[in-house]
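# Reading the structure
Each chain, written out:
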Amino acid sequence: MSYGLTRRALLRGLGGVACALPALELFGDEAQAQDDRPPRFVLLYGGMSTGRDNQPRSLIRPENLGAGYDLPRALLPLGGGALPWGGMGDDVQDDVSIVTGLKVPWGEGNDIPPGGRSVHFHYNTAEPQTTGVRRGPDRSNGEAATTADNIVADAIGADRPHRNLSYRVQAARYIAGGNATGGGLDALSLRRRENGSLQSIDAVSSPRLAYESLFSGFVPDTGARDEAIARLAQRRHVLSAVRARTNRVMPRLGAADRIRLERHFEELSELERRLASIPEPGGGACMLPTSPGEDPPLADGHNLNEDGNLRFTAGRGWSEETVRGNAMIDMVRMAFACDLTRSAAIRISLDQTFLNGESAVGAGSDMHQTTHGGGHADACSDSIGWHVSFFSRLVRQLRDTPDGSGSLLDHTAVVLLFEGGFGYDPEGVKNNAAHSTEDMPALVAGRVGGLRGGVHISAIDSHPAQVVASCMQAVGLEDRLGEVSGRIPELFV
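Since the structure is predicted, the reported quantities are computational estimates derived from the model, not experimental observations. (Residues numbered from 1 in each chain as written. Predicted model: local features only at pLDDT ≥ 70, side-chain atom pairs only at ≥ 80, totals over all residues. Heavy atoms only, no water.)

## A look at the confidence of the model for the protein chain
Across the protein chain, the average pLDDT comes to 87, with 84% of residues at 70 or higher. Segment residues 1–34: pLDDT under 50, and 45 contacts once partners within four positions in sequence are set aside and those in other chains are kept. Contacts for the low-pLDDT stretch residues 279–284, under 50 throughout, to residues beyond four places or in other chains number 13 contacts. (pLDDT = per-residue confidence, 0-100. Contact = heavy atoms within 4.5 Å.)

Next comes the structure, spelled out in structure tokens:
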């Protein structure tokens, strides 16, 4: 049976057509935040400083504040150009904000400030950032606490097949005679048990084991994808029907009504354009990834000199960590896409990392020594950039993976921290030092909870844990981590 629209019915109903269309609340950034997709959280950490002894400034801090900040060599992976050590950047600068000027305070004896540390540097700076709780009076002493990734996991992911992922890129300690590989090395992920004891979450450094744990026996559910495709087709069909009916009525309208309808036509055209730009769900979304296969062979550690300092040896201290790290990043992306987990902690390198910087970026030294003058002039910047490349790879993959009406990045908070910054060293009593927790950086990406990307923020003497707390608030928790409270307001729109 054929039917038509009366002039009155058309003019009364057309103004509300956009509201009447099924689920058209998908349009716009505000709508994306309301499309009922779960939040996700990623904490990454690199065990090296972001300055080089006796240099004038931090190597990672841009010159310009605000939007359109410049990219120093250590941040080149955020851009889209060629990298000095090979490969290309991920073109994610507009999605990434960098906070500089951060500080972990210190004290002597029992006079350790909240969220602070003793004057000792190595193995003493990660937990104040990831737990917000002070460490002291000596190196790595004090009341350990639950790390941010586990706080978030308990709040938003306790019912997932994997409550939290804990991964490590650096495969071993890389010191001959002590080349440990155990999962508890410099544990990044800590959790308080119900009995009050603290559990160190073993970090998986084997891509093969990580894959088997996540995806053995896993069968992706395509039902959600099919339903989403059907909803998208329905929305496009409704708009087509409205346009066809208005075209039939248009010749019978007066001049004033024609103007009104032409205005609505413009609105309909914009809706159609935006619907047409939405890809069918599933491209890059949940699917069974390819197995990474057997892990690269484990390398020997460097030897020590008679004075106890490490003697760098070409070929040692490198177990194809770039390959390992990329595989880990890819699995986190897919675990999020398949909602197998909603929280992850990734330790890229161990504190005082002895990773072979020559094998990684052509540094001519292990990465730790690049902060103390080892290797060529840009060796430290490139070693920092190698760490940043895993962060940028994850941001790109999250941005390019559909999730609901947006992308995974729209529903995720990602933060990258480092062992140290650049400035005064209270242990060595000197300025312009790499063994410092002054001018520390944090990189942040994601749009969940109003996070903004693409800006350089100077937050002088704010605590790195405040950046982490900001990301925690973005995924629905309070803006507090341990003894440190308050967010970085400029991180939000």
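## Things to note about the state of the cysteines
Going through the model one piece at a time under the given rule, you end up with one disulfide. Note that C286 is cross-linked by a disulfide to C338, the S-S spacing being 2.1 Å. Handedness of the C286-C338 disulfide follows from its S-S torsion of about 105 degrees: it is right-handed. Placement of the pair is C286 in the loop between α8 (255–277) and β7 (303–304) and C338 in the loop between α9 (321–337) and β9 (343–347), with a sequence separation of 52 residues. (Disulfide = S-S within 2.5 Å. Helix = DSSP H or I, 4+ residues; strand = E, 2+ residues; numbered from the N terminus.)

## Observations concerning the sheet that holds strand β16 (residues 455–458)
Paired through backbone hydrogen bonds, the strands of a sheet run either parallel or antiparallel to each other. Across the sheet, eight strands lie side by side as β2-β16-β3-β15-β12-β1-β9-β4; this open sheet has mixed pairing. At either margin of the open sheet sits one strand with a lone partner, and together these are β2 (66–67) and β4 (165–168). Direction of pairing for strand β1 (residues 40–49) relative to strand β12 (residues 412–420): parallel, over a ladder of eight bridges. Across the sheet, the residue bridging to V42 is V414, located in β12. (Pairing = 2+ DSSP bridges.)

## Things to note about the nonpolar core
L44, W386, F391 and L443 are the most contacted members of the largest nonpolar core, which has 66 residues in total. Top contributing element to this core by residue count: helix α12 (residues 379–399), with ten residues. Leave out the neighbours within four places in its chain, and W386 touches W85, V169, W318, E321, T322, I348, L355, A360, V361 and M367. Residues L43, V152, A469 and M472 belong to the second largest nonpolar core, which totals 37 residues. (Core = buried A, V, L, I, M, F, W, Y, C linked by side-chain atoms within 4.5 Å. Buried < 20%, exposed > 50% of the residue type's maximum accessible area, 1.4 Å probe, protein only.)

## Observations concerning unusual backbone geometry
Of note, the amide linkage connecting G136 to P137 takes the cis form, showing an omega dihedral of 15 degrees. Secondary-structure assignment places P137 in the loop between α4 (126–131) and α5 (148–156). Non-glycine residue E320 carries a positive phi angle of around 55 degrees. Structurally, E320 is set in the loop between β8 (310–311) and α9. Relative accessible area serves as the criterion here: at 37%, E320 is assigned to the partly exposed category. Phi angles above zero are rare outside glycine, and D439 is one such case at about 45 degrees. When you line up the elements, D439 lands in the loop between β14 (430–433) and β15 (440–445).

## Remarks on the packing of aromatic side chains
Summed over all chains, the structure comprises five aromatic pairs. Where W386 meets F390, the ring centres are 4.9 Å apart and the plane angle is 85 degrees; that geometry is what we call edge-to-face. Residue W386 and its partner F390 are both found in helix α12; the two are separated by four residues, about one turn of the helix. Judged on exposure class, the residue W386 and its partner F390 are both buried. Here a set of aromatic residues connected by ring pairs shows up, and it is made of Y211, F215 and F218. For the cation-ring pair, K103 lies above W106, with the distance from its terminal atom to the ring centre recorded as 5.1 Å. (Phe/Tyr/Trp six-rings, centres within 6.5 Å; stacked < 30°, edge-to-face > 60°. Lys NZ or Arg CZ within 6 Å of the ring centre and 35° of its normal.)

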